[in-house]
Amino acid sequence: MDEEAVTPHRVGAKAHAPPAQQLTELLRLVARGDEEAFGKVYDLVSPTVYGLVRRVLRDPAQSEEVAQEVLVEVWRSACRYDERRGSPQAWVMTLAHRRAVDRVRSEQAGVEREQRAATAEGTRPYDEVSEEVTDRMERERVRRCLETLTELQGQSVHLAFYGGYTYREVARLLSTPLGTVKTRMRDGLIRLRDCLGVDW
């Protein structure tokens, strides 16, 4: 069976509902690979398949595509039809409805993926890359300015601001009088302020 030959608008297709017994017999033949029987099944069900799919999808082009997929599925899976579980028409319409709903979900998932990608592309450069670059530049400026401090000023500032120590603890760690540490810290912060060009 050539999939390309299956289109949802075969000339002469009848719009009325097919007799259940006739369609059941035809599906049995289709299950055995009878292409002529499939042609008859096609003529009997294609209008209602397309109509149902069109109601779900609304878009004519997509509806034709999905209707074709449904009819190909009928050709491939006719052997799975069990008349004890329902009419042949109901079986075909179930295939059509399922396929149409799957297409809707697939389209929605695609739109959501595109939206997430667009959001990520729109926010990441600003929120992450730009911010990271700014932070690096600021850290580099601070590092250069810290290098302008005397050894005692630099040690005091590092211990107090990066180590979280109090003035008294800094004085004890550096074995330096508390007053000297406070003075060096004050002088060091003034120099940093002037170097960084900020107001504290």
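Residues numbered from 1 in each chain as written. Predicted model: local features only at pLDDT ≥ 70, side-chain atom pairs only at ≥ 80, totals over all residues. Heavy atoms only, no water.

**Description of the overall build of the protein**
This is how it is decided: Note on conventions: DSSP H or I runs of at least 4 residues are helices, E runs of at least 2 residues are strands, and numbering of each starts at the N terminus. Partly exposed describes any residue whose relative accessible area lies between the buried limit of under 20% and the exposed limit of over 50%, with all areas from a 1.4 Å probe on protein chains only and scaled to the type maximum. Contacts: residue pairs with any heavy atoms within 4.5 Å of one another. Each accessible area value is a Shrake-Rupley result obtained with a 1.4 Å probe; residue values ignore everything except the protein chains displayed when judging cover.
The helix and strand inventory of the protein stands at 7 helices and 0 strands. Each helix and strand of the protein, ordered N terminal to C terminal, gives the series α-α-α-α-α-α-α. Evaluated residue by residue, the protein yields a buried proportion of 30% over its 200 residues. In the protein, the proportion of contacts linking residues at least 24 apart, taken out of those at least 6 apart, comes to 65%. About 13,000 Å² of surface is accessible on the protein, with carbon and sulfur atoms providing 49% of the total.

**Structural notes on the packing of aromatic side chains**
Here a ring pair, both rings aromatic, is described through the centre-centre distance and the interplanar angle of the planes. Heads up, the rule is: To pair, rings of Phe, Tyr and Trp, with the six-membered ring standing in for Trp, must have centres within 6.5 Å; the planes then decide the type, stacked if under 30 degrees apart, edge-to-face if over 60, and tilted in the middle.
Tallied over the entire structure, the rule returns 3 aromatic pairs. Where Phe38 meets Trp75, the ring centres are 5.3 Å apart and the plane angle is 70 degrees; that geometry is what we call edge-to-face. One end of the pair, Phe38, is in helix α2 (residues 35-57); the other, Trp75, is in helix α3 (residues 60-77), and 37 residues separate them in sequence. Judged by its relative accessible area of 18%, Trp75 is buried. Ring centres 5.6 Å apart and planes at 50 degrees place the aromatic pair Tyr81 and Trp91 in the tilted group. Placement of Tyr81 in the loop between α3 and α4 (88-146) and of Trp91 in helix α4 is noted, with a sequence separation of 10 residues between them. For the pair Tyr81 and Trp91, a shared accessibility class is recorded, and that class is buried. Put simply, the rings of Phe38, Tyr42 and Trp75 pair up and form one aromatic cluster.

**Overview of the packing of helix α6 (residues 167-174) against helix α7 (residues 178-196)**
The cut-off we apply is this: Fitted lines through C-alpha atoms serve as axes, helices being fitted only where they are in contact, and the angles separating the N-to-C directions of these axes extend from 0 to 180 degrees. Note on terminology: angles under 35 degrees are roughly parallel, angles over 145 are roughly antiparallel, angles of 65 to 115 are roughly perpendicular, and the others are oblique. Side-chain classes are defined by residue name, with Ala, Val, Leu, Ile, Met, Phe, Trp, Tyr, Cys and Pro counting as nonpolar, Asp, Glu, Lys and Arg as charged, and the others, Gly among them, as polar.
At a closest axis distance of 9 Å, the pairing of α6 and α7 adopts a crossing angle of 110 degrees. In terms of orientation, α6 and α7 fall into the roughly perpendicular class. When α6 is examined against α7, the residues Tyr167, Arg168, Val170 and Ala171 are found in contact with a partner set consisting of Leu178, Val181, Lys182 and Met185. A breakdown of the residues in the contact of α6 with α7 according to their chemical character gives 6 nonpolar, no polar and 2 charged.

**Observations regarding the packing of α2 against α3**
How we decide: Each crossing gets its handedness from the near helix: less than a right angle anticlockwise from the far helix is left-handed, clockwise is right-handed.
Contact geometry for α2 and α3: axes closest at 8 Å, N-to-C directions at 140 degrees. By the angle class used here, α2 and α3 are oblique. The handedness of the crossing between α2 and α3 comes out as right-handed. Here Glu35, Phe38, Val41, Tyr42, Val45, Ser46, Val49, Tyr50, Val53, Arg54 and Leu57 of α2 come into contact with α3, specifically with Pro60, Gln62, Ser63, Glu64, Val66, Ala67, Val70, Leu71, Val74 and Trp75. Split into classes, the residues belonging to the contact of α2 with α3 amount to 15 nonpolar, 3 polar and 3 charged.

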